[in-house]
Amino acid sequence: MAFVDHTAIAGVSAATGQPALPPLARTIWPPLRRVLLALALPAAILLLWQLTVARQWVSPQILPAPALVLGTFLELAHSGELGAGLLISLQRIASGLAIGGVLGLALGVWLGVSQRACTYLEPTLRALFAVPTLGWIPILILIFGIEETLKIIVISKAVLVPVVMSTSRGIRNIPMAYIEAARVLRLRRWTYLTRLTLPASLPIVFSGFRLGLSHAFIALIVVEMLAATEGIGYMMVWGRTLFQLDIVVVGIVVVGVVGYALDVALRRLEQSLSRWLPDHG
Amino acid sequence: MTSFFRPLAALLLAATTAFSAHAQNLPEAIRFGGFGQGFGQPYGLALLAVAQGKGFIAEEFKGAPVKLSFEYLTGTGPAINEAIANDRLDFAQYGSLPNIIGKAGGLPTRIVASYGYTTVFALSRKDLDVKSFKDLKGRKVAVAKGTVLHWALLKALQDSGLTLRDIQLVDLKTADQLAALTAGSVDAAVGSSSLLTLRDKGVGKVFYSSKELGAKASGFGAITVTEGFEKRYPEATQRVANALVKSAHWLSQEANREEAYRIWALSGVPVQAFKDDFDGVALKDVFNPRVDAFLLSQYDDAIEFTKDNKLIRNDIDVAKWAAPAYVETALKAQGLENFWPRRNAIVARH
């Protein structure tokens, strides 16, 4: 009988086009496959980059060779310049994310639950949010100078906007059925907030946070390019001033990788939070 | 026989003249670039703006199908280096530090002419009692790092017996310097005459101007040509140099001062800035186009500075970089050999 079973499995495998795999490979292969597929595009870009340099399609001063960029990366990492710059930038991101995130969450919840707040506040907020960060900077420098405060305010504002928007939207979009059920159950305000509002709006709130994170990176680079003497954004402007675009490319890659890592971390946090919060479904 | 050879000879002659016309080889287009102070106007400053505005360059190529284009980049030095690397410019007028940074980075440029020098100013916060750089020891001074102003700051400090280590240098661009000084985040700022708006608004006090020290502490730079262009079109390069010398000569006439200010003001820089820069200064001294021992020693000095401050990775052979012959030929042809002095090196050239 066992023999027959085997052929049956082999037959199915052949039909789906999958090679028959030993059990270990079957558990490792799918995630590995996903990683490899995700790396395909970066690898293709790297290949195109190398080709562009080798064929001299672009001046080597504008697009330095991957090997040179790697060398510069190692040099900057070894001298501690990159680490120090990244640390400063990440501190700025963290402060901005904390301040902008908390304020944004509070404002968003308020706008989401209170019709009055919505009427009074939302038009003004939307108008303020429409002004690009760059437009605020001269005025902010006049008030706060060019020190850390300025940078953190600019980054916080960048985080605040998407967080407020998605939080209020997330709360307003809670299905009517849930709200009616809660009303029937006569839930207390706090229970209502923790049991219904937050869990139900969690996915949208988190997508707001993740959008906020990417905005934080944009704001960080803008503010460090304008008025800073350290940080990863400053390193990139300085590289451009020195006509050493390998430094700029190192900055682009580092910001990309770090931004991706933080986004993954936020997604993990969302997953564990939704497990921790009671299921609303 | 002759009846057979004559047309052949005529054909040959026609071919050779056509060929020599081709060998004279003027380009289809010449692309000029320069700094534009970021005011977004398609007009520039200094020597190149006059060569364009008074039509001196166009005159040199009259009758020839050469298209001239002028581009004034808001990104100044770094953007000009990138434009040269991307083969978008043949001639470029920009500051000595980005000149040096570009050359050290492998840009195939050659120095054809000096574009004149610019006055450097230093302003302090109104509430500080600053009479000279000596009073700024240990204080925050804003300057755009990696520009000729950075170098000029060192020259000013040296004049007061100080070095860059005696102050806290804050890297800011002009617009942010204005805000930072107004907010009191920095104690002083070093920049071009565009800083003087703060003096006019009563926010800052001018305590230093490079006028006192003259050319040796002022902003300077060059009009460069790419090696490729120079090699292919030596005749066109010479004609451009001719036009630059004519422009410098025109600028040297006192009668033309007001008109020159008006040409430069097209860039968006207020006329007052040029008055601050040049009133009381002989424009003939400022716009000496010669690539002479003085200019090269200035470059030597600035190269030393960029090496000390780790702004460049490779050394530069200034003697090979300079192409003084074009301006000298133009001076001879225009009978101006003795109009400008051949200036000596400011420090012994090595």
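Quick caveat: nothing in here was measured; it's all calculated off a predicted structure. Every chain is numbered independently, its residues counted from 1 as its sequence is written. Here chains are named by letter from A upward and ligands by number from 1 upward, in the order in which they appear as written. Given that this is a predicted model, residues contribute local features only at a pLDDT of at least 70 and side-chain atom pairs are listed and counted only at 80 or more, while totals for whole chains, interfaces and linings are drawn from all residues. For the side-chain quantities, the full set of heavy atoms in the structure was used; hydrogens and water were omitted.

Now for the environment of Pro 132 of chain A. All names here are of chain A. Runs of E in the DSSP output that reach at least two residues are strands. Runs of H or I that reach at least four are helices, and both are numbered from the N terminus. Locating Pro 132 in the fold gives a position in the loop between helix H5 (115-130) and helix H6 (133-144). A relative accessible area of 54% means that Pro 132 is categorised as exposed. C-alpha of Pro 132 to C-alpha of Ala 158: the two residues are 26 residues apart in sequence and 9.2 Å apart in space. When a residue's accessible area, from a 1.4 Å probe over protein chains only, is under 20% of the maximum for its type it is buried; when over 50% it is exposed; and in between it is partly exposed.

This brings us to the pattern of salt bridges. Whenever Lys or Arg places a side-chain nitrogen within 4 Å of a carboxyl oxygen from Asp or Glu, that contact is recorded as a salt bridge. For the structure shown, the criterion picks out 31 salt bridges over all chains. Arg 210 of chain A is the partner of Asp 263 of chain A in a salt bridge, and the nearest nitrogen-oxygen pair spans 3.1 Å. Placement of the pair is Asp 263 of chain A in helix H11 (residues 245-276) and Arg 210 of chain A in helix H9 (residues 189-226), with a sequence separation of 53 residues. Overall, the relative accessible area of 25% leaves Arg 210 of chain A in the partly exposed class. Taking the shortest distance from any N to any O, the salt bridge between Asp 246 of chain A and Arg 313 of chain B comes out at 3.2 Å. In this pair, Asp 246 of chain A is assigned in helix H11 and Arg 313 of chain B in the loop between helix H14 (293-308) and helix H15 (318-321), connecting two distinct chains. The class for Asp 246 of chain A is buried, based on a relative accessible area of 2%. A network of salt bridges, in which partner residues are shared, links Arg 125, Asp 127, Arg 139 and Asp 187 of chain B.

Residues and elements named next belong to chain B. Whether two strands pair depends on DSSP finding at least two bridges between them. Pairing is mixed in the open sheet, where five strands are placed in the order E7-E6-E8-E5-E9. Of all strands in the sheet, those with a lone pairing partner are strand E7 (168-171) and strand E9 (204-209), marking the two edges. Pairwise comparison of adjacent strand axes, ignoring direction, gives a mean angle of 25° for this sheet. With four bridges joining them, strand E5 (residues 121-125) and strand E8 (residues 188-191) adopt antiparallel strand pairing. Looking at E8, one finds that Leu 123 is bridged to Ala 189. Contacts are assigned to residue pairs that have any heavy atoms within 4.5 Å of one another. To get an axis, a line is fitted to the C-alpha atoms, and for a helix only the part in contact is used. The angle between two axes follows their N-to-C directions and goes from 0 to 180 degrees. This element, helix H6 (residues 148-159), spans strand E6 (140-143), E7, E8 and E9 of the sheet and lies at about 140° to E6.

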